[in-house]
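Here's the letter readout for the chains.
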Amino acid sequence: KRRNVRLLALAGVVGLTAVAVTAYWSLYASHFVSTDNAYTAVEVAQITPAVGGIVTEVKASDTQAVKKGDVLIVIDPTDARLATAQAAAELDRAMRRVKSYIANDSSLVAQISAREADEKRAAAQMAAAQADFDRAKLDLSRRQALVASGSVSGDELTRAQNAFAGAQANLAATKAAAAQASANLRSAIAGKDANAALISNTTPDTNPEVLAARARLDQAKVDLERTVIRAPLDGIVAKRQVQLGQRVQAGMPLMAVVPVAEMYVDANF
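Keep in mind the model is a prediction, meaning the values are calculated, not measured.

Basis of the calculations
- Starting afresh in each chain, residues are numbered from 1 along the sequence in its written order.
- With the structure being a predicted model, the display of local features is reserved for residues of pLDDT at least 70 and the display and counting of side-chain atom pairs for 80 or more, all residues being used for whole-chain, interface and lining totals.
- Calculation of side-chain values draws on the structure's entire complement of heavy atoms; hydrogens and water are dropped beforehand.
- Secondary structure elements are defined from DSSP: runs of H or I of at least 4 residues count as helices, runs of E of at least 2 residues count as strands, and each element is numbered from the N terminus.
- Both definitions apply: the radius of gyration is a C-alpha atom measure, and the globule rule equals 2.2 Å times residues to the power 0.38.
- Summary of the burial criterion: residues with accessible area below 20% of their type's maximum are buried, those above 50% are exposed, and those between are partly exposed, where the area comes from a 1.4 Å probe applied to protein chains only.
- Residue contacts follow a heavy-atom distance rule, with two residues in contact if any of their heavy atoms lie within 4.5 Å.
- All accessible-area figures derive from a Shrake-Rupley calculation using a 1.4 Å probe, and residue coverage is judged against the displayed protein chains alone.
- Residues counted as positive are Lys and Arg, residues counted as negative are Asp and Glu, and His and the chain ends are not counted.
- Here the site of a charge means NZ on Lys, CZ on Arg, CG on Asp, or CD on Glu.
- Think of a nonpolar core as a cluster: buried Ala, Val, Leu, Ile, Met, Phe, Trp, Tyr and Cys residues, connected wherever their side-chain atoms sit within 4.5 Å.
- Pairing of aromatic rings covers Phe, Tyr and Trp, the last through its six-membered ring, and needs centres within 6.5 Å; plane angles under 30 degrees mean stacked, over 60 mean edge-to-face, and all others mean tilted.
- When DSSP finds two or more bridges between a pair of strands, those strands are recorded as paired.

Caption draft 1: Representation of the overall build of the protein chain in the model. A count of helical and extended segments in the protein chain gives four helices and ten strands. Walking the protein chain from its N terminus toward its C terminus, one meets helices and strands in the order α-β-β-β-β-β-α-α-α-β-β-β-β-β. At 49 Å, the protein chain has a C-alpha radius of gyration far larger than the 18 Å of a compact globule built from 269 residues. The dimensions of the protein chain, computed from C-alpha atoms along their principal axes, are 185 × 55 × 30 Å. Considering the protein chain as a whole, with its 269 residues, one finds that 23% of them fall into the buried category. Relative to all contacts within the protein chain whose residues are 6 or more apart in sequence, the contacts with residues 24 or more apart total 79%. For the protein chain, the accessible surface area stands at approximately 17,700 Å², while carbon and sulfur atoms represent 57% of it. Taken together, the 31 basic and 27 acidic charged side chains of the protein chain have centroids lying 8 Å from each other.

Set out below in structure tokens:
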């Protein structure tokens, strides 16, 4: 009996222990895990300049807490300011040039009209010179035919020959003038077409030359703003490598900002 009682007591203790362990695991221990293979990690923000230059101010050091937008580094803005002023001048010059294209359009139309009139006048002069030449040629041939019969004197023949030579030279000159007038007209038309191509379907504000100059000015302004390097997020400064007076190049790592508020644990169970 005593042995049975002891066995029953032992069984009861084992049963109570199993119930207690099961309850402990189900209600508490199962909610926790442990490992000795875990690491902290965070996405570090690298601070690199977008423009090169000489560092004139360094306003952050290692382990310093910074807020998003705080100034970290200042690069000498002299070159960027000069580039911005030059780009602004180029934009103004482009605007004036495009406006001159527009103003020249009507002037070129007037030039074409004048060249057309010159061509018509040259054609009329050439027609008159052709008529004079034909008349002088006919007169010369008649006198040459009468020379043998003695009806025409040598002086009269000479005058006819001189008149023919003069008419021939005048015809050649009027033909050259007509060709020149035609060339001038074609040149005027080509000039107007070239000028029209520069302003076709555009305004002074939308002309490609102006848009390109404005884009260069915008880029210069962006480069000027980039001489001031700011913190991209809240965090702690680390790995500072930049010094006052140092010449830096675009893309050179200067420091890092660690967002400790976003740090996490990478655990391997």
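Caption draft 2: The arrangement of the nonpolar core in detail. Ranked by size, the top nonpolar core spans 17 residues in total, and within it Leu-72, Ile-73, Val-242 and Met-255 carry the most contacts. At the level of secondary structure, the elements contributing two or more residues to this core comprise β2 (45-47), β5 (71-75) and β9 (255-258). With three residues, the top contributor of residues to this core is β5. If you look at the next biggest cluster of nonpolar residues, it comprises eleven residues, including Leu-91, Met-95, Tyr-101 and Ala-213.

Caption draft 3: Expanded view of the packing of aromatic side chains. Across all of its chains, the model carries three aromatic pairs by this definition. Taking the centre distance of 5.7 Å and the plane angle of 45° together, the rings of Tyr-24 and Tyr-28 count as tilted. Centre to centre, the rings of Tyr-28 and Phe-32 are 5.1 Å apart; their planes meet at 45°, and the pair counts as tilted. For Tyr-28, a relative accessible area of 46% corresponds to the partly exposed category. Given a relative accessible area of 52%, Phe-32 falls into the exposed group. Joined through ring pairs, the aromatic side chains of Tyr-24, Tyr-28 and Phe-32 make up one cluster.

Caption draft 4: Region of interest: the environment of Gln-168. Here Gln-168 is to be found in helix α3 (residues 154-199). Classification of Gln-168 as partly exposed rests on a relative accessible area of 42%. A sequence separation of 31 residues divides Gln-168 from Lys-137, and the C-alpha atoms of the two residues are 8.8 Å apart.

Caption draft 5: Region of the structure containing the sheet that holds strand β7 (residues 235-238). The four strands are arranged β2-β9-β7-β4 in an open sheet whose pairing can be described as antiparallel. Edge positions in the open sheet fall to β2 and β4 (65-66), since each of these has one partner strand only. One ladder, built from three bridges, connects β7 with β9; its direction is antiparallel. Across the sheet, the residue bridging to Ile-236 is Val-258, located in β9.

Caption draft 6: Representation of the environment of Leu-108. As for its position among the elements, Leu-108 is in helix α2 (residues 78-147). Separated by 105 residues in the primary sequence, Leu-108 and Ala-213 have C-alpha atoms spaced 26 Å apart. Excluding residues within four positions of it along the chain, Leu-108 makes contact with Gly-191, Lys-192 and Asn-195.

Caption draft 7: Expanded view of the pairing of β5. Most of β5 sits inside the fold, with four of its five residues counted as buried. By the bridge criterion, three bridges tie strand β3 (residues 53-58) to β5 in an arrangement that is antiparallel. Bridge pairing in β5 links Val-58 to Ile-73. Strand direction decides the pairing type here: β5 and strand β6 (residues 228-230), joined by three bridges, are antiparallel.

Caption draft 8: Molecular detail of the pairing of β7. As defined by bridge partners, β4 adjoins β7 across two bridges and the pair is classed as antiparallel. The partner of Val-66 across the bridge, within β7, is Gly-235.

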